[in-house]
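The chain contents come next:
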Amino acid sequence: MSDLPGICCGLCRIGCFQAYQACCCIKEAPPNPTYNIICLGISNAGKTTLLTILKFENPDAVVPTIGFSVQDILLPNATLKVKELGGAAPVRQYWSRYYSDVHGAIFVVDCSCTEEEMKETREELHKALRDPHLSSVPWLILCNKQDVDGTVTEDRAFEELSLADVTREHQDLRLRSSSKSDRDSLHVVMEEFASKLDKLYSPHTQDEATQPMTSI
Ligand SMILES: Nc1nc2c(ncn2[C@@H]2O[C@H](COP(=O)(O)OP(=O)(O)O)[C@@H](O)[C@H]2O)c(=O)[nH]1
Ligand SMILES: [Mg+2]
């Protein structure tokens, strides 16, 4: 019984705070939006490594991706649910099976690769860009392995990947440099990409994050 005044006082304070919240329209901050992202690129481009870095984990421990893997990348402005598809030649024919529910696409390019691999990369990239499910989503092309001597720069990659015509149709396509040794820049690039997604998909569409792109 001696606790009664304390309990009453506590309840009063909660009541007062709730009344104050209601009067001043103070609401809890909405949770960060979640976007479904597809991550493509031929084997060895560095997809798993970059995603591992974005999760603040050790990139030296990555193993080749068999089939696909899904990783949640937590950014200050969004959560990216990234599905990385294996990049080996025999599995690339199945990539398009995973395109239907995505809000954005990331394509990782090994800019230190051979001419033959760059040709392969260009063909796969253009195939994906032409897919109707991915034609209206924001694209981020990462020109990776910029730390390697003699690697192809972002401008040169734009040429080698024949992107001049593509950017007319894909106005939300961005080409950015990346490297496993520059985590900070990678985070900046990803936050910029998340902002682009945010601009495109207004808050009320968040509940529909699992809907196919065509319905958003
Ligand atoms: N020098 C360098 N090596 C990288 C970079 N990114 C990835 N790698 C290496 O490239 C190899 C393949 O990486 P991985 O992430 O498995 O490629 P994935 O097949 O596209 O997932 C690994 O040995 C990585 O350490 C980078 O930015 N610079
Ligand atoms: Mg991988």
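The coordinates are above.
Residues numbered from 1 in each chain as written. Chains lettered and ligands numbered in written order. Predicted model: local features only at pLDDT ≥ 70, side-chain atom pairs only at ≥ 80, totals over all residues.

Draft legend 1. How the structure looks around the overall build of the protein. Of the regular secondary structure elements, the protein holds seven helices and six strands. For the protein, the α and β elements follow one another from N to C terminus as α-β-α-β-β-α-β-α-β-α-α-β-α. Here the protein holds 216 residues, and 30% of them are scored as buried. Counting contacts in the protein only where the partners sit at least 6 residues apart, residues at least 24 apart contribute 76% of the total. (Helix = DSSP H or I, 4+ residues; strand = E, 2+ residues; numbered from the N terminus. Buried ≥ 20, exposed ≤ 12 C-beta atoms within 10 Å, placed from the backbone. Contact = placed C-beta atoms within 7 Å.)

Draft legend 2. Fine view of the site of ligand 1. Surrounding ligand 1, one finds 19 residues, the nearest of these being Gly-46, Lys-47, Thr-48, Thr-49 and Lys-180. Sorting elements by how many residues they give to the shell around ligand 1 places helix H2 (residues 47-54) first, with three residues. When the residues that make up the shell around ligand 1 are grouped by side-chain class, the tally is five nonpolar, ten polar and four charged. (Near = placed C-beta within 6 Å. Nonpolar A, V, L, I, M, F, W, Y, C, P; charged D, E, K, R; others polar.)

Draft legend 3. Spatial organisation of the nonpolar core. By size, the foremost hydrophobic cluster in this structure holds 43 residues, and its most contacted members are Ile-37, Cys-39, Ala-105, Phe-107 and Val-109. Every element with two or more residues in this core is listed here: strand E1 (34-40), H2, strand E3 (79-85), strand E4 (104-110), helix H4 (115-130), strand E5 (139-144) and helix H7 (183-200). At six residues, H7 tops the list of elements feeding residues into this core. When neighbours within four sequence positions are excluded, Ala-105 is seen to be in contact with Ile-37, Ile-38, Leu-40, Ala-128, Leu-134, Val-137 and Trp-139. (Core = buried A, V, L, I, M, F, W, Y, C linked by C-beta atoms within 7 Å.)

Draft legend 4. Here's a closer look at the sheet that holds E1. Spatially, the six strands line up as an open sheet ordered E2-E3-E1-E4-E5-E6, and their pairing is mixed. Bordering the open sheet on either side are strand E2 (68-74) and strand E6 (173-177), each of which pairs with just one other strand. Taken over all neighbouring pairs, the strand axes of this sheet differ in orientation by 25 degrees on average, direction set aside. In the sheet, E4 pairs with E5 via six bridges, with the strands oriented parallel. Each bridged residue has a counterpart across the sheet, and for Asp-110 the counterpart in E5 is Asn-144. Across the sheet, H2 lies against E1, E2, E3, E4 and E5, angled at about 160 degrees from E3, the strand it touches most. Contacting E1, E2, E3, E4, E5 and E6, H7 crosses the sheet at an angle of about 150 degrees to E4. (Pairing = 2+ DSSP bridges. Axes fitted to C-alpha atoms, helices over the stretch in contact; angles between N-to-C directions.)

Draft legend 5. Representation of the pairing of E4 in the model. Most of E4 sits inside the fold, with seven of its seven residues counted as buried. The alternating pattern of E4 places Gly-104, Ile-106, Val-108 and Asp-110 and Ala-105, Phe-107 and Val-109 on opposite faces, both of which are buried. Judged from the four bridges that link them, E1 and E4 form a sheet pairing that is parallel. Across the sheet, Ile-37 pairs through a bridge with Gly-104, a residue of E4. Following the chain from E4 across H4 to the adjacent parallel E5, one finds a crossover that is right-handed. (Right-handed = clockwise from strand over helix to strand, strands pointing away.)

Draft legend 6. Region of the structure containing H2. Of all eight residues that make up H2, six are buried, and the element is covered over most of its length. Here H2 has its buried residues at Lys-47, Thr-48, Leu-50, Leu-51, Ile-53 and Leu-54. Of the surrounding secondary structure, the elements contacted by the buried residues of H2 are E1, E2, E3, E4, E5 and H7. One or two positions beyond H2, positive phi appears at Phe-56, with a value near 60 degrees.

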